[in-house]
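# Structural characterization, general
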Amino acid sequence: MALSATMIGALLGLGTQMYSNALRKLPYMRHPWEHVIGMGLGAVFVNQLVKWDEKLKVDLDKMLEKAKAANERRYMVWFILLYTNLLLKCYAKVLVHQGALHL
């Protein structure tokens, strides 16, 4: 992946420099060192972009795991409260039926 990213970046830099010369109606290879600098900057840019994308994927996975854990805790608490409320209502009905509780 590193070689292909480097080559894509180098071609991007070269193409940018040649396009810049073409827009200004200059010879394509007017200053060759500018093409070399453009290729180097393009290669660095694309390699950094690939590293940033990989880091972004790792960070996203961490955030999704945290969100999943938070959702599980939230719904578990909701389920426990609902179940406890249901049990209390059933227990109250039993007590009313037995005559131990008067409502």
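Residues numbered from 1 in each chain as written. Predicted model: local features only at pLDDT ≥ 70, side-chain atom pairs only at ≥ 80, totals over all residues. Heavy atoms only, no water.

### Notes on unusual backbone geometry
Here the phi dihedral of Lys-25 falls at roughly 55 degrees; this positive angle occurs in a residue that is not glycine. Relative to the helices and strands, Lys-25 resides in the loop between helix H1 (2-23) and helix H2 (32-98). (Helix = DSSP H or I, 4+ residues; strand = E, 2+ residues; numbered from the N terminus.)

### Some remarks on the environment of Gly-38
Its place among the elements puts Gly-38 in helix H2. The buried category is assigned to Gly-38, whose relative accessible area is 15%. Separated by 26 residues in the primary sequence, Gly-38 and Leu-12 place their C-alpha atoms 8.1 Å from one another. Ignoring anything within four residues of it in the chain, the contact list for Gly-38 reads Gly-13 and Leu-14. (Buried < 20%, exposed > 50% of the residue type's maximum accessible area, 1.4 Å probe, protein only. Contact = heavy atoms within 4.5 Å.)

### Some details on a nonpolar patch on the surface
On the surface, a nonpolar cluster with roughly 1000 Å² of combined accessible area is contributed by Tyr-75, Met-76, Trp-78, Phe-79, Ile-80, Leu-82, Tyr-83, Leu-86 and Leu-87. Considering the arrangement of structural elements, one finds Ile-80 in helix H2. What makes Ile-80 partly exposed here is its relative accessible area of 46%. (Patch = residues over 30% accessible without salt bridge, like charges linked within 9 Å, V, L, I, M, F, W, Y side chains within 5 Å. Areas by Shrake-Rupley, 256 points an atom, 1.4 Å probe, with all protein chains shown as cover. Salt bridge = Lys/Arg side-chain N within 4 Å of Asp/Glu carboxyl O.)

### Let's talk about the side chain of Asn-21
Within the element layout of this structure, Asn-21 appears in helix H1. By relative accessible area, which is 1% here, Asn-21 ends up buried. Of the polar contacts made by the side chain of Asn-21, one reaches the backbone oxygen of Tyr-28; its length is 2.9 Å. If sequence neighbours within four positions are ignored, Asn-21 has contacts with Leu-26, Pro-27, Tyr-28, Arg-30 and His-35. (Polar contact = N/O pair within 3.5 Å; in protein donor to acceptor, adjacent residues only side chain to side chain.)

### Details of the packing of H1 against H2
The contact between H1 and H2 brings their axes to 6 Å, and the two run at 135 degrees. As the angle between them shows, H1 and H2 are arranged oblique. Of the two possible hands of crossing, H1 and H2 adopt the one that is right-handed. Listed contacts from H2 to Ala-2, Ala-5, Thr-6, Gly-9, Ala-10, Leu-12, Gly-13, Leu-14, Gln-17, Met-18 and Asn-21 of H1 are Glu-34, His-35, Gly-38, Met-39, Gly-42, Ala-43, Phe-45, Val-46, Asn-47 and Val-50. (Axes fitted to C-alpha atoms, helices over the stretch in contact; angles between N-to-C directions. Parallel < 35°, antiparallel > 145°, perpendicular 65-115°, else oblique. Left-handed = near helix turned anticlockwise from the far one by under 90°.)

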